[in-house]
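Chain and residue survey
Below are the chains, spelled out letter by letter.
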Amino acid sequence: MPRSGDELTDWFFRQFLAVLRTERVRVVRKKRLVNPDDPHRRVIRGLMDPDVDPSGRWVQILINPSRTTHRDRDEEMETLVHELAHIILPKSAERSILTIETILARTLTRAQRDCLKAFLPRHQVKHYPVSIPGAVATA
Ligand SMILES: [Zn+2]
């Protein structure tokens, strides 16, 4: 596991990997990602949606793949870090999550970034993905 030498950075990195390696998180790159709760349907850069499964067993992280939103996969990875921070610190306010994201964007090493980037899929989806992995379809 790549390390930065900074204990707090490495703690976050370990937590993120633990979350990403569980079955309960799925990362999706969604075209024209908008906030589903926004009546103006404004485009957003990322979303952590814990409501996909009413039982709360798994969450979906949606990333906007548009190059006007994220210049490259490194910037997509920073949004992934933001959404992961929401998962491991569920009670923290948006401001605190933004602070953590800003700090980690500076302190994560190249190897750590590449490791997190590997969890970003290459393909994009058009529609809001709602299917639950492992769920049995009832006809
Ligand atoms: Zn946020």
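What comes next is a walk through the structure. Note that the structure is predicted; figures quoted are calculated from it, not measured.

Another point: the pairing of strand β3 (residues 59–63). Of all five residues that make up β3, four are buried, and the element is covered over most of its length. Alignment of strand β1 (residues 25–29) against β3, held across five bridges, turns out to be parallel. Its bridge partner lying in β3, Arg26 is registered against Gln60.

Read from one edge to the other, the open sheet built from three strands follows the order β1-β3-β2, with strand pairing classed as mixed. The outermost strands of the open sheet, each flanked by one partner alone, are β1 and β2 (46–49). Along the sheet, successive strands turn relative to each other by an average axial angle of 15°, direction set aside.

Our next topic: the nonpolar core. Of all hydrophobic cores here, the largest spans 17 residues; its most connected members are Phe16, Leu62, Leu80, Val81, Leu84, Leu104 and Leu116. Of all the secondary structure elements, the ones that give two or more residues to this core are α1 (7–20), β3, α2 (73–88) and α3 (94–107). Tallying contributions element by element places α2 first for this core, with five residues. If sequence neighbours within four positions are ignored, Leu84 has contacts with Phe16 and Val19.

So, about the packing of α2 against α3. Where α2 meets α3, the axes come as close as 9 Å, and the angle between the chain directions of the two elements is 135°. When the interaxial angle is binned, α2 and α3 end up oblique. Here α2 and α3 pass one another in a crossing that is right-handed. Between α2 and α3, the residues in contact are Glu78, Val81, His82, Ala85 and His86 and Ile97, Ile100, Glu101, Leu104 and Ala105, respectively.

The rules we used
Residues numbered from 1 in each chain as written. Predicted model: local features only at pLDDT ≥ 70, side-chain atom pairs only at ≥ 80, totals over all residues. Buried ≥ 20, exposed ≤ 12 C-beta atoms within 10 Å, placed from the backbone. Helix = DSSP H or I, 4+ residues; strand = E, 2+ residues; numbered from the N terminus. Pairing = 2+ DSSP bridges. Axes fitted to C-alpha atoms, helices over the stretch in contact; angles between N-to-C directions. Core = buried A, V, L, I, M, F, W, Y, C linked by C-beta atoms within 7 Å. Contact = placed C-beta atoms within 7 Å. Parallel < 35°, antiparallel > 145°, perpendicular 65-115°, else oblique. Left-handed = near helix turned anticlockwise from the far one by under 90°.

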